[in-house]
Amino acid sequence: MCVCSGSVTWWKYSISRSWGCRSLMLDPACSPMGKGGKGKRCNRSILHSHFANSTLELRRGEFRIDRLNSVEDTKGNNGDRGELIVTNLRLIWLCHKSKKTNLSIGYNCVISINIRTTDSRLKGKTQALFVLTKFNGSRFEFVFTNLVKNSPRLFTTVQAVFRAYDTSKLYRDLKLRGAIIKEKQLVMLPKEQTYNKVNGVWNLSADQGNLGTFFITNIRLVWHANLAENFNVSIPYLQLKSVKIRESKFGAALVLETTPRCGGYILGFRLDPAERMQEVFKEISSLHQVYSMNPMFGIDFSVEEKVRSCHAYVGLVYIKFSLPLFAASVSARIEGTSQDG
């Protein structure tokens, strides 16, 4: 079974049963995020099983954080040993007996992750990872058991990555009226760079328009009203469907259309003179294309001397967890906590 939500445009899914396994079939509604600028996009929330290996290939911007070679899908395939791959966008479980029996769970569909006791055919009564998800109004629960004795690696890794994903939504989701402007300056995200600040930009959402300022960065577009900082919008390139210049009742306008996943907004902006608006249009279009080739989802990962480090950006909070061999620890700047084993 697979729960999946794409990154820039979204996949369409339909649930079906196949060979006695839970399965969510993908209707390949694709977006320009795949290879060559066209095709499949990154999976942020998918539920599926029984798919070809090509379907489970990592997308642009997706990378593997950890791989556990002895994990049982206790609820769906109790008694079958497999491997669990943890990426920055999803969990992928592959059965050792047959790679056609697989499971992909995107973090965007995850409601909660807990540790509880379960009965495993391979390990008996033991603690397992319970992943509760929601898709199309229905809830699904997955149970994973780490078959390596006395190893908390499954728990610490998955929980830390999910928390990192859940608390870095500004990288991926459109935000209206957020606390993103302070003293008329953009509150920057980690690894975000401001390429241009454009003054005198009219937002055409109201009949009279609102005068404000554009911030163009490597991750998103941000506009805020000059007279009210809390009247703002943050649009990640991830959710930007198209950028065009169209005619409106105010004259030529810069029109930004977002993906249906984030509401399908159509936002109009006006700049004077027309040559200036053309320059901004070209800059946004170029940055959007560059971002689509290598999207940034808010989680950074690096490997140093056999120690894996995952850095997650939680608003203004920084999380880091390390995985030396089979030990794992989680720490945050808020409160330092760790668990080794």
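Structure shown above.
Residues numbered from 1 in each chain as written. Predicted model: local features only at pLDDT ≥ 70, side-chain atom pairs only at ≥ 80, totals over all residues. Heavy atoms only, no water.

Caption draft 1: Representation of the nonpolar core in the model. Residues Leu-91, Phe-144, Phe-214, Leu-254 and Leu-256 are the most contacted members of the largest nonpolar core, which totals 55 residues. Top element by residues in this core is helix H1 (residues 153-166). It accounts for seven residues. For Leu-256, the contacting residues outside a window of four places in its chain are Phe-214, Leu-221, Ile-235, Leu-240, Ser-242, Val-243, Tyr-265, Ile-266, Leu-267 and Phe-269. Residues Ile-180, Leu-186, Phe-215 and Val-222 belong to the second largest nonpolar core, which totals five residues. (Core = buried A, V, L, I, M, F, W, Y, C linked by side-chain atoms within 4.5 Å. Buried < 20%, exposed > 50% of the residue type's maximum accessible area, 1.4 Å probe, protein only. Helix = DSSP H or I, 4+ residues; strand = E, 2+ residues; numbered from the N terminus. Contact = heavy atoms within 4.5 Å.)

Caption draft 2: Spatial organisation of the pairing of strand E6 (residues 81-87). Taking burial as the measure, the seven residues of E6 include six buried ones, the bulk of the element. Sheet analysis places strand E5 (residues 64-73) next to E6, joined by six bridges and oriented antiparallel. Looking at the pairing, Glu-72 lines up with Arg-81 of E6. Here E6 runs beside strand E7 (residues 90-95); their pairing, made up of five bridges, is antiparallel. (Pairing = 2+ DSSP bridges.)

Caption draft 3: Examining the sheet that holds strand E19 (residues 240-248) more closely. Taken in spatial order, the eight strands line up as E12-E18-E17-E16-E15-E21-E20-E19 in an open sheet, and their pairing is antiparallel. Lying at the two open borders of the sheet, with one neighbouring strand each, are strand E12 (175-176) and E19.

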